[in-house]
Amino acid sequence: MRHPTRRAVTAALLAAPALAACSSGSSDASGAGPSRSAPGPDALASAGPQSVVLWHGLGGAAGAALTAVLDAWNAAPGTPGVTVQAVYQGNYDDVLAKYTAALRDGSTPHVLLSSDITTGFVKDAGQTVSASALATANPGDLDLGALRPAAKNYYTVGGDLLSVPFNTSLPLLYANDALLSRAGVDPASLTTVAGLDAAARAVAAKVPGVKGFCHPTADGWWFEQVTAAAGDLYVTPDNGRSGTGATALSLGGSAQREALELLTKLHVDGTALVVGTNGDAAIQAFASGQVALMFNSSGAIGSLAKTGATGWSTHPLPLSGPAGTSGPLIGGASLWVDGKHEPAAQVAAWKVVSHLASAAVQERFSQASGYAPVNVGVDDSPTQREFLAKNPAWAVAVEQFDSAATSPATAGALTGALPGIRSVVVPAMDKAYGGDETLDAALDEAAQAAGTVISDYREQAGL
Amino acid sequence: MRALRVPVLALLVLLVAFPVYVTLTTAFLSPAAVAAGRLWPDPREFTLDNVHAALQSIPLLRQYGVSAAVTVLQAGSQVLLAALAAYALVFPSWRGRGLALALFLATLAVPGESTVIPNYETVTSLGLRDTVLAVALPFLCAAYPVFLLRQAFADLPREVWEAATLDGAGHLRTLVRIVLPMARGHVATAALWSALAAWNGYFWPLLITDSPDARTVQVGLSQLVVAEGSTPGVVYAGTLVVLLPTLLLVLCGQRFLVRGLAARQS
């Protein structure tokens, strides 16, 4: 007997996206995916009590916070007759694998919380109804205008908001203030990749036994971040957001190329600490003072605080491109409403999604989990102001979220092939970081391999 | 060469023991002590907080019960069916025996991934999704234990089987009273293999269940790992709790296995 491994099964399941894309009747001809028509409040009013099932992949504090929010909803329902059951389905990869299996027998949940990079896949599966359509049909529920533009940008295709961002993380630069001070680095210089490079080199040169920078290559998110921070596209055309979607990896931008070159040099010449793919290893190295600067998700703030480390600060992602078009990409996950259930169930699901994206819930969830609140209404809350005053590291993330440029570059790559692209880009870039290959060779290798992944996906999905 | 034996063995022991040591220490250290990264932490830094947090985060004890039930059901069924199949493949002569063995072996070459979706649909259509039985159902029979026991039975003196037959013993009686005791080392190996695979199963139990109460401890453990920043101490503490039965099984089973093999050799 052999139990298949998670990664292998995910790959196997993702190898058959056509099963979803082709089986759906709601996909429109252009491949835009989710249906644009949605049921309204009448559907729910004429139906009996509704039980909404929500699948998610949130463990730890975030999972507990989500459960607490939904338990409170069930105990004192915001809408009479609607109860919700949250079901943990493993990590983000597992959630997607389970969702893919469920597509086969029609057992998909009413609400799916799926990670940012699965947006293209869930869209192509064509099983969901768009948030824009639901918001239009149900004007009494979530006001999409209250959601932060940077979060909406990622999940919007052709002006249609497909899903509602729920737990949103942002990239941050973490700095050990004491080490920077010993090296004579002005933190104000950390706004650009060139400034980051100079600061890392200064620390490594002036503080014995300390590395300048570390960069978890974990899941390819950071290569996408470097590209967005350069104001460049990651996939063409138009980051996969027009026509029939992405056809190739784009590694041709000059600012993107320069940023990657600086980061590669830092690793090759030993200024940076190689922490591999493990984000936790980066946190431990930073917390123990082995490294002065670190790229990590805003979601790492809580873990870092738990280590008891002090004297550190956070800074926005350093940019290397034009101010108006370059910026950070969000991470995290968004809520999708399933369009294959009865109209009453869809409206009930939308009410749950509306509740989860509301200012009150976002403030509570954000403070408990460490994710950034997606609803601008949270900014007016006195308790949130008090929280941010006590948590300056966290305030930087929220400020960055609020001020991020919204452009095709910062919308991020939209393609169902993105998980597969990451699986070929990360090993190629690791070769460049390890000095085993030149950056040019690594980028060529990544572009070629990603091209094959994209064309295979397009063929299987019938795009 | 003999002079090299001790250092080589010492190195091998170190390779195995070091990750266990790191798991043990990390599981009982506060996040601050873990971040300090000391190889030999001060005993005063040890705490039970991580174990407590792991047990609080997920219904580990309930899921322990599910894992134990699945392991007993799955391993028991696999060994039982494997013994019956192996007996039929070795002792009675019948047409197509070679082909049947080849078919069993052929299933070993089928990737587990390719059977996930058909199994999911079958179990769902039976109305068994989200049950403890569904977790074990597709794995009640496996080819490898059949192969293992078939090889073990084939090594037994055929005269013993013939003598039992002449004495009027039926197939079942011969299997239970004569064949299995003689091959107990291999039976133990098959049982251990099946039990470890059942206990360590992750993806299928996750796929086929939804309720925390129907899930195995491995699925529960994954909930401690957070995509954007885990607490290593809690994850290691959970790992340790989940790992203990496996370690005990291997340690106890290993002794039994060695005895069984030694008995055969003598």
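- Where an unreviewed UniProt entry is consulted, chain B appears under the name Carbohydrate ABC transporter permease, with the organism given as Kineococcus endophyticus.
- According to its UniProt record, chain B has this under Sequence similarities (unreviewed entry): "Belongs to the binding-protein-dependent transport system permease family."
- In UniProt, chain B has this text filed under Subcellular location (unreviewed entry): "Cell membrane".

- If you look chain A up in an unreviewed UniProt entry, it shows as Extracellular solute-binding protein from Kineococcus endophyticus.
- Of chain A, the UniProt comment under Sequence similarities (unreviewed entry) reads exactly: "Belongs to the bacterial solute-binding protein 1 family."

1. Thoughts on the overall build of chain A
(1) Moving on: In terms of regular secondary structure, chain A is built from 21 helices and 15 strands.
(2) Moving on: Computed over C-alpha atoms, the radius of gyration of chain A comes to 22 Å, within 12% of the 23 Å expected from 2.2 N^0.38 for 463 residues, which places it in the range of a compact globule.
(3) Moving on: Across its three principal axes, chain A shows a C-alpha extent of roughly 70 × 50 × 50 Å.
(4) Moving on: Partitioning the contacts of chain A with sequence separation of at least 6, the portion at a separation of at least 24 is 77%.
(5) Moving on: Of the charged side chains in chain A, 25 are positive and 38 negative, and the gap between their average positions amounts to 4 Å.

2. What about the UniProt feature "transmembrane region" (unreviewed entry) in chain B?
All names here are of chain B.
(1) Moving on: Here, the residues flagged by UniProt with the feature "transmembrane region" (unreviewed entry) are residues 64–91, 98–120, 132–149, 187–207 and 234–258.
(2) Moving on: Secondary structure content for residues 64–91 is 96% helix and 0% strand, and the end C-alpha separation is 40 Å.
(3) Moving on: As a span, residues 132–149 carries 67% helix and 0% strand, and end to end its C-alpha atoms are 28 Å apart.

3. Here's the deal with the side chain of Ser326 of chain A
Residues and elements named next belong to chain A.
(1) Moving on: The residue Ser326 is located in the loop between β14 (312–316) and β15 (331–338) in this model.
(2) Moving on: For Ser326, the side chain forms a polar contact with the main-chain oxygen of Gly321, separated by 3.2 Å.
(3) Moving on: A polar contact of 2.5 Å, which involves the side chain of Ser326, links it to the backbone oxygen of Pro322.

4. Concerning the interface of chain A and chain B
Often the size quoted for an interface is simply the accessible area lost on bringing the parts together.
(1) Moving on: The interface is formed by 41 residues belonging to chain A together with 43 residues belonging to chain B.
(2) Moving on: For the chain A and chain B pair, buried surface summed over both sides reaches about 3400 Å², with 58% attributable to carbon and sulfur atoms.
(3) Moving on: Joining chain A to chain B, the criterion identifies three salt bridges.
(4) Moving on: On the surface where chain A and chain B come into contact, there are 12 residue pairs in polar contact (both at pLDDT 80 or more).
(5) Moving on: Among the elements of the structure, α1 (6–14), β2 (82–88), α5 (92–105), α13 (279–287) and α14 (300–306) of chain A are those that each provide at least two residues to the side of chain A that touches chain B.
(6) Moving on: The leading source of residues in the side of chain A that touches chain B is α5 of chain A, at eight residues.

5. Here we look at the packing of aromatic side chains
Residue and element names in this part refer to chain A.
(1) Moving on: Tallying each qualifying case throughout the model produces 16 aromatic pairs over all chains.
(2) Moving on: When the ring of Trp222 is compared with that of Phe295, the centres are 4.9 Å apart and the planes differ by 10°; the resulting orientation is stacked. Here Trp222, found in helix α11 (residues 221–229), pairs with Phe295, found in strand β13 (residues 291–297); they are 73 residues apart in sequence, far enough to count as distant. Note on accessibility: Trp222 and Phe295 belong to one class, buried.

6. Considerations on the environment of Leu180 of chain A
All names here are of chain A.
(1) Moving on: Here Leu180 shows up in helix α9 (residues 177–182).
(2) Moving on: Its relative accessible area of 1% is what places Leu180 among the buried residues.
(3) Moving on: Beyond its immediate sequence surroundings of up to four residues, Leu180 is in contact with Ala175, Val185, Leu190, Val203 and Leu293.

7. Section: the packing of helix α20 (residues 418–433) of chain A against helix α21 (residues 439–461) of chain A
Working note: a packed helix pair is described by the angle between its axes plus the distance between those axes.
All names here are of chain A.
(1) Moving on: Here α20 crosses α21 at 165°, and the two axes come no closer than 9 Å. Here α21 runs roughly antiparallel to α20, going by the angle between their axes. Considering only the axes of α20 and α21, their crossing is right-handed. Judged by residue contacts, Gly420, Ile421, Val424, Val425, Ala428, Met429, Lys431 and Ala432 of α20 engage Leu439, Ala442, Leu443, Glu445, Ala446, Ala449, Ala450, Val453 and Ile454 from α21.
(2) Moving on: Classifying every residue of the contact of α20 with α21 gives 14 nonpolar, one polar and two charged.

8. Re α13 of chain A
(1) Moving on: Those residues of α13 of chain A lying buried are Ala282, Ile283, Gln284, Ala285, Phe286 and Ala287 of chain A.
(2) Moving on: Note on α13 of chain A: the residue one or two positions beyond its end, Gly289 of chain A, has a positive phi of about 80°.

9. Quick look at the environment of Phe139 of chain B
All names here are of chain B.
(1) Moving on: Structurally, the position occupied by Phe139 is in the loop between α7 (132–136) and α8 (143–155).
(2) Moving on: You can call Phe139 buried: its relative accessible area is 8%.
(3) Moving on: Taking the C-alpha atoms as reference points, Phe139 and Glu45, separated by 94 residues in sequence, lie 44 Å from one another.

10. Considering the pairing of strand β1 (residues 50–56) of chain A
Regular strands show a simple pattern: their side chains alternate between the two faces of the sheet.
Residues and elements named next belong to chain A.
(1) Moving on: The element β1 is largely enclosed, with a buried count of five among its seven residues.
(2) Moving on: By the bridge criterion, seven bridges tie β1 to β2 in an arrangement that is parallel. Paired with Gln50 across the two strands is Val82, which belongs to β2.
(3) Moving on: Sheet topology note: the β1/strand β3 (residues 111–115) ladder contains two bridges and is parallel. If you follow Leu54 over to β3, its bridge partner there is Val111.

11. Points about the pairing of β13 of chain A
Residues and elements named next belong to chain A.
(1) Moving on: β13 sits mainly inside the fold: seven of its seven residues count as buried.
(2) Moving on: Two strands pair when backbone bridges link them, and strand β8 (residues 171–176) and β13 are joined in this way by five bridges, in the antiparallel orientation. From the neighbouring strand, Ala175 faces β13, where its bridge partner is Leu293.

12. Comments concerning the environment of Thr83 of chain A
All names here are of chain A.
(1) Moving on: Relative to the assigned elements, Thr83 resides in strand β2.
(2) Moving on: Through-space distance from the C-alpha of Thr83 to that of Leu263 is 49 Å; in sequence the pair is 180 residues apart.
(3) Moving on: Ignoring any residue separated from it by four or fewer positions in sequence, one finds Thr83 in contact with Gln50, Ser51, Val52, Trp73 and Asn74.

The rules behind each value
- Residues numbered from 1 in each chain as written.
- Chains lettered and ligands numbered in written order.
- Predicted model: local features only at pLDDT ≥ 70, side-chain atom pairs only at ≥ 80, totals over all residues.
- Heavy atoms only, no water.
- UniProt positions renumbered as here; feature names shortened; annotations may be inferred.
- Helix = DSSP H or I, 4+ residues; strand = E, 2+ residues; numbered from the N terminus.
- Rg over C-alpha atoms; globule rule 2.2 N^0.38 Å.
- Contact = heavy atoms within 4.5 Å.
- Lys, Arg positive; Asp, Glu negative; His and termini not counted.
- Charge placed at Lys NZ, Arg CZ, Asp CG, Glu CD.
- Polar contact = N/O pair within 3.5 Å; in protein donor to acceptor, adjacent residues only side chain to side chain.
- Buried area = accessible area lost by both parts, 1.4 Å probe.
- Salt bridge = Lys/Arg side-chain N within 4 Å of Asp/Glu carboxyl O.
- Phe/Tyr/Trp six-rings, centres within 6.5 Å; stacked < 30°, edge-to-face > 60°.
- Buried < 20%, exposed > 50% of the residue type's maximum accessible area, 1.4 Å probe, protein only.
- Axes fitted to C-alpha atoms, helices over the stretch in contact; angles between N-to-C directions.
- Parallel < 35°, antiparallel > 145°, perpendicular 65-115°, else oblique.
- Left-handed = near helix turned anticlockwise from the far one by under 90°.
- Nonpolar A, V, L, I, M, F, W, Y, C, P; charged D, E, K, R; others polar.
- Pairing = 2+ DSSP bridges.

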